[in-house]
Each structure stands twice: as C-alpha cells, then as structure tokens.
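The chain contents come next:
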Amino acid sequence: MATSKRRRDASPRTPRRRARGAKMAFIAPLAGAAVGGGLLGSIVTTAVGIGINLAIAYFFPQKIKGPRAESLKAQTSQYGDQLARVYGSIRTAGAVIWLKGDHVDEHVKTERQGKALGPEVTTYSYTATFAVAFAWNGPATAITRIWADDKLIFDVSFEALQDAIASGGNGIGVAKGASVTLHLGTDDQQPDPDIEADRGAGLVPAWPGIVYVVIKNLPLDEFGIRVPNIEAEILKGAILATASIDGFSTNANEWRNDTTGDYLAANDSGTLIISRLPAGAEILNATIPYAGSVHISDRLDVAVVGGSGDSIAFYDAATGAFRQEVSGLDGLSELSAILDDISFGGVTYMLVWVFGAKLSLLSNASTGWQQIWTASTAHSPLSYLQTLSVGPDYAYAVRGGIAGTSKAVTRIGWDVTGLLSDTEITLGALTDDAVACFYDEESDSVVVLDAAGQLFVYTSDLGTLLRSNTHTGIGAVPNAQPPLSKRMKLGSDLIAIKGFDNDIFEFRVSDLGQVNRYDAATSTWLLKLNSDLGQFGVNQQWQAVLILPAGGADPVVWYLPRAQRLPVPLKDVLEQECALAGLACDASQITVEIFKGDC
C-alpha cells in the first residue's frame, strides 16, 4: 500500500553556508596555479584545465531529462456505460466514475547519475487515483481480485492465501505503491473520503447499492501513462475464512521479534531466524554475536543490537547475508533496545535507544548505514523507555505503567544535527496508562492507545487532541506495546488492534470509527483461546497480526479473514431476475448451485 508521506529535505535543518565555502576553496587554488611559463607552466595549465572542467562538471552538471507525458488528461467513463448484476462469483469490467483532479499525477525526481561528477538526470513517473464501479445490485459479499489490462494488481482471496501458504509462494495482496478501498454496495455505505476531498464535502453521493472501488496511487508507467481497463472479481456467495502459521520462531520477546513486508525476524539470544511470509519459510537460522533487539527497516535490512548495547549489525532480509556493523552506541545493555526508522528525501533514518539513556541516529542513502550522532537523553525517566515510533520531526515513546508517568508520552525532537529536545508531555485526555504511541505518516498525526483500550489522535507535536474513541470495545491493554507502537498500520486510513478477548479490531484514523471486528472464537487461528497474548504487531502487506504469547508458547501469525467462495442456489438467481422483470417465478424445484458467472 502506498500512503502519502510528508516531504522533507534529505538533510533537514542543515546550514548551506558550508557548501558555498567548499566551492570557493575548490576553484580558487586552481586559478592561482595557472600563472607561470615554460614546461612547468604548461603542465600546471593542463592540470588547471582539467581541474576547471571537473569543477564545472561538479557545480554545473550536464542535465538529462527522461521521457515525459505530453498531457496529464485521462479518459474516464462516458454516459451510457453499463454496470453488471452479480450472482455467485463473476469477473466483470468496470466503469471509471471518478479521477482525482481529472488528470493523472506526475512525479519528478532529479538525481546525479553515478558518482558526484555524473550528469544530473531528471525522470518522470505517473500514478492515478480513481474510482471504478462494477455492479448495481449490491451488497456484494466481497471483492477479491482486480485486474488492470489483464494484470492482477489486487488479490485478497482466501484461495490465493491458502495456495501461497501450501506452496511457500507469494500472494500478490495489493500492487506495490497502490492501495484499494472497497465499497460493497450496502444501503448505509458512506461517501468515499478521497472523492469528497477532491470534489468537496457534501457534493459526493454515497451510491448505495453500487459496488465500486477506489484505487489510490496506481503506478501507470507500464500502462502507457493512462488509466488501464479495470476488471474485478465480485462475490455474492462467500464466507470469511481465516488462516494462521507457526514454527518460524522459538522466542516471543516483544523487543526481539518484528515483521514487515514479506519478512519475519526473531533473535533468540543470539540465534537469528529470518523467515518469508506467508508460509514462514526459513531464510536464515544462524548463530550470531548479537543477542539483542531486532528491527526490520524500510530498506528491508534486519537490524540486531549487540555488544552490550554498543553495536548494531545489519542483515539482508531477502538472503540473510551479513551487510555491516555500526558501533559506538554507548549503551549498557543490548536486551531492551528500541528501534524504528522513517524514509524521506531518498534517505532512511533510524533512531536507536539503548539502556543507559543513549539515543543514536543512523542514516542510509543507499550506500550503507552510518552513525550520525549519539546523545544522552535529557532526563532520567527516559532510562525506562519501552516503545519507539519515529516521525520526520519527532520520535515518540511511552513507558507503560511506571508510577507518576502513566499518562506521559516522551516527545523527542531530532534532525541530522543532533537531539533537539526531549520533552515529557502528559496527555490529560487519557484515563489510564499510555501503552502504545504510533506516528501515522499518512495523516501526520499520532495515535495513542491507553491501558483501558481507549484511542486518541493528536497533532504531531502532541499539542492538540484531534479526536478520541472512549468506547472502542477493545478492553484492557495492561502492558506497554513495543511491536504495536511501530506496526499499527493496516491500510490507508486504517489501524488494527487486538482486543482483550483476542478479537481483532479495525479503526479508521480519520474519525476513529470501527470498521471491522473479527471474532477470534469462531476463527481457525492458533492459540485463539489463550489468555496470555499480550504483545502483537501488524503486517500491513499481508493483512496479518504477529502474536507474541507471554506464557511460553511460540509466536504465531494470524491472517485476517479473507473471502472464500461459496456456491449460490440457481433458483435464487432465477427468482431475483424474474422479480426485476416483474414476472412471477417458482424455481423451487431447481437444486443446482453455481459458483461462477463468467470467470
């Protein structure tokens, strides 16, 4: 899923005066050396000529521009386009009913090609955000697959997940960079918020009975920079089915397990296990000289803290290969370190806090990880930080139920120059301990969960409470939640939280309204009746929850319910069709069932 991220310069708040000084220091000695005669003068002049050419290449690079679309206008549906009536399972073409801004979006990227003296290359890429309608006899049970020009870009069917788990293969989920919002055509469905943001609040119909989807930020380069033809598999007969896996880790510690993208990582006292979803297929199982906390970065590097809190190692998630070590974190223990990262401006920044109140910033601009700074945190309560979530201006941490600080969230101001601020902020709206604090890049806001299971959304500086839900149904959440504080996102405008009774709740960030509640008792999830499943984190790509039991059982992954096809009685189809035509019909003698329409 792609979300809109707040943009910042790759080196925030860094003074530029230094760069101008470097330019003068580089050119001036070359110009001075050009004076002279004879052989030495000839040699020096030649060297100067080369030097000036290098200077020109560095400060005035050749500029190359890639292919660019002549027009950003795109074709949408026309008056008279028809929608289908759906029974059973059918693959049907859709009609585009909305295109954001009535044009595709252009994204411009300029960077040096090769090393510093290479040409400056500008490339253009294109995405589209649009809505497609498919059927008018909703509600549908599910939309399980979507094709763009016959390319599968969305597949959340239970059958696809089953096949991927059984074969150790990959399920597509959602095409990289895109996100999909489903509207199943219920009588009470509300206007889509993305369409309202474009067209205006109160100016967009809810389209009850219309089955449609909103596809956000679909990359268009392989579709000829146009909105492709969209088809979808619509299900009228289906149940929600669940799946789960285990066997990928023997350690359920909340600081030494992580999941994101296609990967799981666990460190059991120096045994690093990296696995691939959805089956949990093992990539690496090896003894390493690092026994501490684990984090999978945006760049899909598995970071492992070691050296009694002084060093951090990086392994390639895809292959398990060791990449590098960074030392100098100055911590006192590797066991309860907390890590999180964020990417913007082409650079990934990782904050690492280790016991002993030491906070370090590392960065990676595709050339490897390097330490930028290490600082001592400003006040002693930070010695007990248990969670960390990193935003572009601040990082956020909570300490669970430590006496006297139960409603406090620590806001850490940072940039590449150092630790800017370290402020404990008491959130008066909370009724119990702050147990999870998650920065949501999409909305540039902070989601806080308290021990009573209540939800709050604050501005990124924690200065203003934007909204709250004090009747979530989640129940008690007694402990600080390190995995959830960095892995709460389920999709565009969606978060997921496991309740006290093990049910999984989905909420919108925009209004904290409940979207779904998945009943654990009726699922097939492993350990679903255990009362010790206190720690958990969300894998957005796989729509799954990593469960970390406290009572000695091994971790498990719960896949959220997916639609599984069911047959539909043919007599029901015939009777509904006759009713639409105003005809009397008795099809009670027909016993045939159908699975599919035309797919």
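Here the structure is a predicted model, which is why all the values come from computation and not from measurement. Note on numbering: residues in each chain are counted from 1, in written sequence order. Residues qualify for local features only when their pLDDT is at least 70, as the model is predicted, and side-chain atom pairs are given and counted only at 80 or more; totals for whole chains, interfaces and linings, by contrast, use all residues. With hydrogens and water set aside, each side-chain value is computed from the structure's full complement of heavy atoms.

Participant: Tell me about the sheet that holds strand β38 (residues 544-548), residues and numbers included.
Facilitator: A strand pair is defined by DSSP finding two or more bridges across the two strands. Put simply, DSSP H or I for four residues or longer makes a helix, DSSP E for two residues or longer makes a strand, and each gets a number counted from the N terminus. Read across the sheet, four strands follow the order β12-β39-β38-β37 without closing on themselves; strand pairing throughout is antiparallel. At either margin of the open sheet sits one strand with a lone partner, and together these are β12 (238-245) and β37 (535-539). Averaged over neighbouring strand pairs, the angle between their axes works out to 25 degrees when direction is ignored. Should any heavy atoms of two residues lie within 4.5 Å, those residues are considered in contact. With axes taken as lines fitted to C-alpha atoms, and helix axes fitted only over the stretch in contact, angles between N-to-C directions fall between 0 and 180 degrees. Its contacts with the sheet put helix α3 (residues 158-167) on β12 and β39 (556-565), and the angle it makes with β39 is roughly 135 degrees.

Participant: Could you give an account of the packing of aromatic side chains, naming the residues involved and the relevant values?
Facilitator: Planes of paired rings set the category: under 30 degrees apart is stacked, over 60 is edge-to-face and the rest tilted, where pairs are Phe, Tyr or Trp rings (Trp by its six-membered ring) whose centres lie within 6.5 Å. Applying the stated rule across the entire model yields ten aromatic pairs. Taking 5.0 Å as the distance between ring centres and 5 degrees as the angle between the ring planes, the aromatic pair formed by Phe314 and Trp369 counts as stacked. On the criterion of sequence distance, the pair formed by Phe314 in strand β19 (residues 311-316) and Trp369 in strand β24 (residues 369-376) is long-range, its members being 55 residues apart. Trp369 shares its class with Phe314; the two are buried. In textbook terms, an aromatic cluster arises when at least three aromatic residues are bridged by ring pairs, as seen for Phe344, Tyr349 and Trp414. A cation over a ring is seen here: Arg91 above Trp147, with NZ or CZ 3.8 Å from the ring centre. When accessible area is computed with a 1.4 Å probe and restricted to protein chains, residues below 20% of their type maximum are described as buried, those above 50% as exposed, and intermediate ones as partly exposed. Whether a charge sits over a ring comes down to the Lys NZ or Arg CZ being within 6 Å of the ring centre and within 35 degrees of the ring normal.

Participant: Could you give an account of the nonpolar core, naming the residues involved and the relevant values?
Facilitator: In this text, buried Ala, Val, Leu, Ile, Met, Phe, Trp, Tyr and Cys residues form a nonpolar core when linked through side-chain atoms within 4.5 Å. With 34 residues, the main nonpolar core has Leu351, Val409, Trp414 and Val448 as its most contacted residues. Beyond its immediate sequence surroundings of up to four residues, Leu351 is in contact with Ile338, Leu339, Asp340, Leu359, Ser360, Leu361, Trp373, Leu388, Val390, Ala395 and Trp414. The next biggest cluster of nonpolar side chains, apart from the first, holds 33 residues, and it includes Ile474, Leu490, Val556 and Trp558.

Participant: Got a sec to walk through unusual backbone geometry? Specific residues and values, please.
Facilitator: In this structure, the amide linkage connecting Gly138 to the following residue, Pro139, adopts the cis form with an omega of 10 degrees. Counting through the fold element by element, Pro139 comes out in the loop between β5 (120-135) and β6 (142-148). In this structure, Pro278 follows Leu277 across a cis peptide bond, with omega equal to 10 degrees. Residue placement: Pro278 occurs in the loop between β15 (271-276) and β16 (281-287). Although it is not a glycine, Gln543 sits at a positive phi angle of roughly 50 degrees.

Participant: I'd love a proper account of the side chain of Gln481, names of residues and values included.
Facilitator: Secondary-structure assignment places Gln481 in the loop between β32 (465-469) and α5 (482-486). N or O atoms closer than or at 3.5 Å make up a polar contact, with two conditions inside protein: a donor-capable atom paired with an acceptor-capable one, and, for residues adjacent in sequence, both atoms drawn from side chains. From its side chain, Gln481 meets the backbone oxygen of Gly534 in a polar contact 2.8 Å long. Once residues within four sequence positions are removed from consideration, Gln481 is found in contact with Thr387, Val435, Ala436, Gly534, Gln535 and Phe536.

Participant: Residue-level account of the pattern of salt bridges, with values.
Facilitator: Within this document, salt bridges are pairs made up of a side-chain nitrogen of Lys or Arg and a carboxyl oxygen of Asp or Glu, the two lying within 4 Å of each other. Throughout the structure, instances matching the rule amount to 18 salt bridges. Residue Asp194 is joined to Lys216 by a salt bridge in which the shortest nitrogen-to-oxygen separation is 3.5 Å. You can see Asp194 sitting in helix α4 (residues 193-199) and its partner Lys216 sitting in strand β10 (residues 211-219), a full 22 residues away along the chain. A residue is classified by how much of its surface remains accessible, and Asp194, at 25% relative accessible area, is partly exposed. Overall, the relative accessible area of 10% leaves Lys216 in the buried class. Note that Arg323 is salt-bridged to Asp316, the shortest N-O span being 3.0 Å. In this structure Asp316 comes out as buried when scored by relative accessible area, which is 14%. What emerges from the salt-bridge pattern is a single network uniting Asp194, Lys216, Asp440, Glu442 and Lys489.

Participant: Can you explain the pairing of β6? Please cite residues and give values.
Facilitator: Most of β6 sits out of view: six of its seven residues are buried. Pairing analysis gives six bridges linking β6 to strand β11 (residues 230-235), with the strands arranged antiparallel. Paired with Ile146 across the strands is Ala232, a residue of β11. The pairing of β6 with strand β7 (residues 151-155) spans four bridges and is antiparallel. Note that in β7 the partner of Arg145 across the bridge is Asp155. Where β6 folds back on β7, the antiparallel hairpin that results is connected by two residues, among which Asp149 adopts a positive phi of roughly 50 degrees.

Participant: Can you tell me about α3, naming the residues and giving the values?
Facilitator: Of all the positions in α3, only Phe158, Glu159, Ala160, Leu161 and Ala164 are classed as buried. Where α3 is buried, its residues contact β7, β12 and β39. Note on α3: the residue one or two positions beyond its end, Gly168, has a positive phi of about 70 degrees.

Participant: Give me the sheet that holds strand β23 (residues 358-364): which residues, what numbers.
Facilitator: Here four strands make up an open sheet; going across it, the order is β21-β22-β23-β24 and the pairing antiparallel. Edge positions in the open sheet fall to β21 (333-344) and β24, since each of these has one partner strand only. The average undirected angle you get between the axes of adjacent strands in this sheet is 20 degrees.

Participant: Account for the environment of Glu120, naming residues and giving values.
Facilitator: Structurally, Glu120 can be placed in strand β5. Sequence separation between Glu120 and Thr110 is ten residues, and the spatial gap between their C-alpha atoms is 6.7 Å.

Participant: Can you lay out the environment of Ile425 for me, pointing to particular residues and giving the numbers?
Facilitator: You can see Ile425 is positioned in strand β28 (residues 418-426). Accessibility expressed as a relative area gives 16% for Ile425, which makes it buried. It is 9.8 Å that separates the C-alpha atoms of Ile425 and Asp461, two residues lying 36 residues apart in sequence. Once residues within four sequence positions are removed from consideration, Ile425 is found in contact with Lys407, Ala408, Val409, Arg411, Asp461 and Leu462.

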